[in-house]
Amino acid sequence: MKALTQSEIREVVAGVAEDEARWRPLVRHDPAQRLYEALDPGDAEFEGRLGLWLICWMDGHDTGFHDHGVSSGTVRVVSGEVLDERPGPGGTIDARTYGAGESFDFGSWDIHRLSHAGRVPAVSIHAYSPPLERMNAYVVGPGGVLRPTEVTYGDELRPLDAAA
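To keep things clear, this report deals only with the structure shown in the data block. In this numbering scheme, every chain counts its residues from 1 along its sequence in written order. Local features in this predicted model are restricted to residues of pLDDT 70 or higher, and side-chain atom pairs are both shown and tallied only at a pLDDT of 80 or more, whereas totals for entire chains, interfaces and linings draw on every residue. Only hydrogens and water are removed before side-chain values are computed, so all heavy atoms of the structure are retained for them.

Details of the pairing of strand E4 (residues 72–79)
Buried means the residue's accessible area, taken with a 1.4 Å probe over protein chains only, is under 20% of the maximum for its type, while exposed means over 50%, and partly exposed covers the values in between. Numbering of helices and strands starts at the N terminus; helices are DSSP runs of H or I of at least 4 residues and strands are runs of E of at least 2. Burial analysis of E4 places 8 of its 8 residues in the buried class, the great majority of the element. A pair of strands is labelled paired if DSSP reports no fewer than 2 bridges between them. In this structure, E4 lies alongside strand E9 (residues 122–129), joined through 7 bridges in antiparallel fashion. When the sheet's bridge partners are listed, Thr74 is paired in E9 with Ala127. Relative to strand E7 (residues 103–106), E4 is paired through 4 bridges, and the arrangement is antiparallel. Its bridge partner being in E7, Arg76 is matched across the sheet by Ser103.

Some words on the sheet that holds E9
One open sheet accounts for 5 strands, arranged E1-E2-E9-E4-E7; its pairing is antiparallel. One side of each edge strand has no neighbouring strand; the edge strands of this open sheet are strand E1 (35–38) and E7. Taking each pair of neighbouring strands and ignoring which way they run, the sheet shows an average axis angle of 20°. Across 7 bridges, strand E2 (residues 51–57) lies against E9 in antiparallel orientation. Note on E9: the bridge partner recorded for Trp57 is Ala122. Here an axis means a line fitted to C-alpha atoms, over the contact stretch when the element is a helix, while the angle between two N-to-C directions is reported on a 0 to 180 degree scale.

A closer look at the sheet that holds strand E8 (residues 113–117)
Spatial strand order, E6-E5-E8: 3 strands in an open sheet with antiparallel pairing. In this open sheet, the two edge strands, each paired with only one partner strand, are strand E6 (93–99) and E8. The average angle at which neighbouring strand axes cross in this sheet is 25°, direction not considered. Sheet topology places strand E5 (residues 81–87) next to E6; 7 bridges connect them, and they run antiparallel. Across the sheet, residue Leu83 finds its bridge partner in E6, namely Thr97.

Purely spatial values, then, with no claim about function.
Set out below in structure tokens:
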């Protein structure tokens, strides 16, 4: 099945974010870990072409650096704030905080790290096309060199220890 375009993914995420009755009852926060729930894309046209998730964030929650395999996608923050960090040239990190109502896109080639930011718990909606199957989590080694480790979409993302 053909993957959605970036603009189609963005449009779906915006529509889901506006439909609070669809996701608000699933919001739960746990200080020990991010909580996430699969959302129904709501349209048979997207079956097998789109994965949609609600993720709840609190202080200390951090995905570590990762990619999304062959999937592209969009993240929309619906409450609170999350920090998106991406490796830049020469071992630098490009960082941006996104708040409620803001979105950002990523391609299958992008490596990034998401973490909770701000003072209140956060909630975000994530869409992936094609749906996630495999990803890589990255260990940050000496000099900022990233070393990949393959993970499945069901594995909990977290920062990896360089000694592992």
